[in-house]
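# Overview (structure and organization)
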Amino acid sequence: KLCQEYEELKKKEGNRSVKIADKKFSLFSYVGDVIEKKNLKQFVRGIKPLPLEEKDSYKIEKIKLTFENITLDKLVDFLIDMEKKNPYVHIPEFSMRKNKEKPYLLSVEMEMFIIKNG
């Protein structure tokens, strides 16, 4: 069902261009705020800023985020906030595994980035 909803959403949006965030925007702070507001701290195993990259007049800020023993509904709620409430955040890498003892819990690793004006 989620795949169908995603395909429908992609058709509605069409090809959207890459959004550029203001240079004052901090991806690390934004993700931390969403985690706090959604009460997901107990599921965060790690949040790590990655080296800042500079390309032309832009800066690419990246972080790696790891959740442990999170439910699918909490994860989807978090991802919806990342995608809909902030169009600047991109998630190029994502992996998810279920817990062997409790298959309704997931371990998730993702990399996120934003492109900022230099």
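What this report covers is the structure whose coordinates are included nearby. A quick note: this is a predicted structure, and the numbers were derived from the prediction, not measured. (Residues numbered from 1 in each chain as written. Predicted model: local features only at pLDDT ≥ 70, side-chain atom pairs only at ≥ 80, totals over all residues. Heavy atoms only, no water.)

## Regarding the pattern of salt bridges
- By the definition in use, this model includes eight salt bridges.
- Where Arg 45 meets Glu 68, a salt bridge forms, and the shortest distance between an N and an O atom there is 2.6 Å. Note that Arg 45 is positioned in strand β1 (residues 44-55) and Glu 68 in strand β2 (residues 58-71), a separation of 23 residues in sequence.
- Residue Glu 68 is classed as partly exposed on the basis of its relative accessible area of 25%.
- As a salt-bridge pair, Glu 53 and Lys 62 come within 2.8 Å of each other at their nearest N and O atoms.
- Glu 53 gets classed as partly exposed once you look at its relative accessible area, which sits at 27%. (Salt bridge = Lys/Arg side-chain N within 4 Å of Asp/Glu carboxyl O. Helix = DSSP H or I, 4+ residues; strand = E, 2+ residues; numbered from the N terminus. Buried < 20%, exposed > 50% of the residue type's maximum accessible area, 1.4 Å probe, protein only.)

## Details of unusual backbone geometry
- In this structure, Asp 56 is a non-glycine residue whose phi angle is positive, near 55 degrees.
- When you line up the elements, Asp 56 lands in the loop between β1 and β2.
- A relative accessible area of 81% places Asp 56 in the exposed class.
- At Asn 69, a position not held by glycine, the phi torsion is positive, near 55 degrees.

Nothing here speaks to function; it is all geometry.
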